[in-house]
Number of protein chains: 2
Amino acid sequence: MSRKSARTKADASRDDWTRRLLAGDRAALARAITAVENETGEARAVLRAIHPRLGHALVVGVTGAPGAGKSTLTGAYIGELRGRGKTVGVVAVDPSSPLTGGALLGDRIRMTEHAADAGVFVRSVAARGHLGGLSRTAARIVDVMDGAGLDVVIVETVGAGQSEVEIAGLAEVKVVVTAPGLGDDVQAIKAGILEIADILVVNKADQPLARRTVSQLERMAGARVGERPTVLATTATTGEGVAALADAIDESAGAKAGGDRRASPLERARRLISLAAAERVRDALGAIEDARMDELCDALLRGDVDTAEAARQALALIGE
Amino acid sequence: MSRKSARTKADASRDDWTRRLLAGDRAALARAITAVENETGEARAVLRAIHPRLGHALVVGVTGAPGAGKSTLTGAYIGELRGRGKTVGVVAVDPSSPLTGGALLGDRIRMTEHAADAGVFVRSVAARGHLGGLSRTAARIVDVMDGAGLDVVIVETVGAGQSEVEIAGLAEVKVVVTAPGLGDDVQAIKAGILEIADILVVNKADQPLARRTVSQLERMAGARVGERPTVLATTATTGEGVAALADAIDESAGAKAGGDRRASPLERARRLISLAAAERVRDALGAIEDARMDELCDALLRGDVDTAEAARQALALIGE
């Protein structure tokens, strides 16, 4: 067998699985995500194949404090979307310790009624390296799910820290979930999470203090600068309020994009590049062995330069 | 009055309050922190005054999930330090929404028995702008407390997200607090928090499941790559285990620095500069209006460049 025919065979096999990817094949999608996530040799073929279709999916971010019933609510929302004939991708981001295996969320969703549904595809992402690493990985997975033709991509994060806010930034519509009696109500909505929400959901609305939490959030939402988020009550376990949530998400997406989502992939790419460049700078400056860096640190400590000027000079050091 | 004599008077007044700062005056310390935090005109005088004394304080990070009794434990640790004749600074970092006012933690500490103690100084920091902003502000406050001569500076953060890990990086000794029955035990120790801990504390050790949590953490600690963290049990409300915690912190600090902490301020400055430079890059790339940036985003989406190469090219765009 000549080398040429072997190469042709490999090309044919690749064309075959990227074609299956575009046809909605789950195994091909799993393989494509792994390739793009890890930037393997196959990544380029995947990205070329999906490029013309990018901007199809509505990307929805779901975040909030642990204990709010976020996974159950996501499951109920998926059910609603399936009932409306939509295919769904879920990127379950769990910034857990690598030691603990992470990605509890994805496992939970996989254990639900959607496990056997070919129209639902779940991918878990656990902590990976630096600040920003999770956000970058999630962005790429959203790209693949989007380009592969899934109608709605849900990015779900555990917790309410600044990294979750980062990741939520990937989504066009940001849903923040809380529940009555989550210890200090205020603590549950922190880290600027309220500021980014398009929709605030009080889940477990059948619990006694739900009305009070809804009122609190409505007050907070009213005080916010800029567009006022929608406040909704749901009971994910019974499905109450879930259809209204799905409608509110569609409405928010429509209001924002005018139905045109073609700019979204470019925005995600810009965010990804900005994060990667920032990380590169941080790593370089953390590791740089240059007497001028030590002098700059001391100049900052002495007050001879302010932080902005020190940052500018530091960038010049690695720009050479 | 000539301009010269007016200037001399202002200089004398400034010398006076920076001298009071070095003498441990609380009002002067509060003023100095505000100046440095906001980089006002007075910042330089403060930094010059404290510069020779930087590296005095032992910097201890305390973090962990909400509900672990972190504030109570911090209060008990402060009491122990005061009993040992140490002065204490606390930087209470609360990444709460600006809308909610933030800084719950500092308020709690202020309400305790240490409120009237001249040897304890608490400063709260709430969310401010970008990712990294909190970490930068906290670093500068640590500098001022350190240079002003406080013996131990505790950096306490609410939550367990990646930004908390960031902030904990300011500290020489990192204490992670959890408690039995905090929902999913695994969730309480996430976001790489376990990886950074020098000391893992199970607080509320009088609760039924405490032994099990200690065993779990000991297993996790044993599996960790690198140096194995110390696992301790405390009951902050009764003071049980708090002296042992203080000893373990001293021991960890001694083992790390060999008692010499002069490198710490330079490390903090380097971290601060790296973060500020990274943020500057991110902001610049997020806002850049240059057709080449759009082309680069599209090249990334098409798979023509990988993330690292896109980051490199993007940096070249703003380096011009």
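Residues numbered from 1 in each chain as written. Chains lettered and ligands numbered in written order. Predicted model: local features only at pLDDT ≥ 70, side-chain atom pairs only at ≥ 80, totals over all residues. Heavy atoms only, no water.

**Q** Explanation requested: helix α2 (residues 26–37) of chain A in the structure shown.
**A** Side chains of residues three or four places apart in an α-helix project in the same direction, reflecting 3.6 residues per turn. Residues and elements named next belong to chain A. Compared with an ideal rise of 1.5 Å per residue, which puts 12 residues at 16 Å, α2 spans 16 Å between its outermost C-alpha atoms and is within 8% of the ideal. Among the residues of α2, Ala28, Leu29, Ala32, Ile33, Ala35, Val36 and Glu37 are the ones counted as buried. Capping the start of α2 is the job of one residue whose side-chain oxygen sits 3.2 Å from the backbone nitrogen of alanine 27: aspartate 25. Among the residues trailing α2, glutamate 39 stands out with phi positive, at a value near 50 degrees. (Helix = DSSP H or I, 4+ residues; strand = E, 2+ residues; numbered from the N terminus. Expected span 1.5 Å × (residues − 1). Buried < 20%, exposed > 50% of the residue type's maximum accessible area, 1.4 Å probe, protein only. Polar contact = N/O pair within 3.5 Å; in protein donor to acceptor, adjacent residues only side chain to side chain.)

**Q** Is there a simple way to think about the side chain of aspartate 143 of chain A in this case?
**A** Locating aspartate 143 of chain A in the fold gives a position in helix α6 (residues 133–147). Contact partners of aspartate 143 of chain A, with chain neighbours within four places excluded, come to Ile50, Leu54 and Arg268 of chain A together with Leu301 of chain B. (Contact = heavy atoms within 4.5 Å.)

**Q** What's the story with the nonpolar core in this structure? I'm lost.
**A** It is characteristic of soluble globular proteins that their nonpolar side chains tend to be buried jointly. Counting 106 residues, the largest nonpolar core has Val91 of chain A together with Val91 of chain B as the members making the most contacts within it. Sequence-distant contacts of valine 91 of chain B, defined by excluding residues within four places in its chain, comprise Arg123, Val125, Ala138, Ile141, Val142, Met145, Val153, Ile154, Val155 and Glu156 of chain B. (Core = buried A, V, L, I, M, F, W, Y, C linked by side-chain atoms within 4.5 Å.)

**Q** Please clarify how the side chain of glutamate 172 of chain B should be interpreted in this entry.
**A** Tracing the sequence through the fold places glutamate 172 of chain B in the loop between α7 (162–168) and β5 (173–178). Here glutamate 172 of chain B sits buried without a salt bridge, and the closest side chain of opposite charge, arginine 261 of chain B, lies 4.0 Å off (N-O distance). (Lys, Arg positive; Asp, Glu negative; His and termini not counted. Salt bridge = Lys/Arg side-chain N within 4 Å of Asp/Glu carboxyl O.)

**Q** What exactly am I supposed to notice about the pattern of salt bridges here?
**A** Between side chains of opposite charge, a pair can form when the charged atoms approach closely. Enumeration over the complete set of coordinates arrives at 43 salt bridges over all chains. Among the salt bridges present, the one from glutamate 309 of chain B reaches arginine 312 of chain B, with a minimum N-O distance of 2.9 Å. Here the residue glutamate 309 of chain B and the residue arginine 312 of chain B both occupy positions in helix α13 (residues 307–318), the gap between them amounting to 3 residues, near one helical turn. For glutamate 309 of chain B, a relative accessible area of 26% puts it in the partly exposed group. Given a relative accessible area of 40%, arginine 312 of chain B falls into the partly exposed group. Here the salt bridges share partners, and the residues they tie into one network are Glu39, Arg140, Asp143, Asp146 and Arg268 of chain A.

**Q** For this particular structure, what's the right way to read the environment of arginine 123 of chain B?
**A** Residue and element names in this part refer to chain B. One can find arginine 123 in strand β3 (residues 120–126). Given a relative accessible area of 15%, arginine 123 falls into the buried group. Sequence separation of arginine 123 and leucine 315 is 192 residues, and the distance between their C-alpha atoms is 37 Å. Not counting chain neighbours up to four residues away, the residues in contact with arginine 123 comprise Ala30, Ile33, Thr34, Glu37, Val90, Val91, Ala92, Ile141 and Met145.

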